[in-house]
Amino acid sequence: MLTGKQKGFLRSMANTYDTIYQIGKGGIGEMMVTQLDATLEARELIKLRTLDMCEYGPREAGEILAEKLGADLVAVTGTRFILYRESKKKKRIELPK
């Protein structure tokens, strides 16, 4: 569970990040979860987007993915959301206490 200070830190980091995944009419499938799992392990912090044709809103999609991936939903802004999960092998982001 992230504190407010940690979420703010991660939000500010994600401002410079590009949206690397989009969730569309295909929804959230096992292939996507597998890809996101590998991406989170490598990057720790990712920004995603839901398209208009997606059956989920951004908050709902973020919560579903966070639960499936064991990640934290950092923020939801418009159609975009940010996920964070500490890497098991190669920690890159040092969170404030």
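Heads up: the structure comes first, above all this text.
The shown structure was predicted, so the numbers you read here are calculated from the model rather than taken from an experiment.

### Some details on the nonpolar core
- The biggest cluster of nonpolar side chains holds 18 residues, and the ones touching the most others in it are I23, L36, L48, L65, L69, F81 and L83.
- When contributions to this core are tallied by element, the ones reaching two or more residues are β1 (19–23), α2 (30–43), β2 (45–50), α3 (58–69) and β4 (80–84).
- Not counting residues up to four positions away in its chain, the partners in contact with L48 are T19, Y21, L36, L65, T79, R80, F81 and L83.
- One finds L2, A14, L45 and I93 within the second-largest nonpolar core, a separate group that totals 10 residues.

### Describing the pattern of salt bridges
- Summed over the entire model, instances satisfying the criterion amount to 4 salt bridges.
- When the shortest N-O distance is used, the salt bridge between R85 and E41 registers 4.0 Å. Pair noted here: R85 is in the segment after β4 and E41 is in helix α2, with a separation of 44 residues, a long-range link.
- Owing to a relative accessible area of 8%, R85 belongs among the buried residues under this scheme.

Rules and cut-offs
- Residues numbered from 1 in each chain as written.
- Predicted model: local features only at pLDDT ≥ 70, side-chain atom pairs only at ≥ 80, totals over all residues.
- Heavy atoms only, no water.
- Core = buried A, V, L, I, M, F, W, Y, C linked by side-chain atoms within 4.5 Å.
- Buried < 20%, exposed > 50% of the residue type's maximum accessible area, 1.4 Å probe, protein only.
- Helix = DSSP H or I, 4+ residues; strand = E, 2+ residues; numbered from the N terminus.
- Contact = heavy atoms within 4.5 Å.
- Salt bridge = Lys/Arg side-chain N within 4 Å of Asp/Glu carboxyl O.

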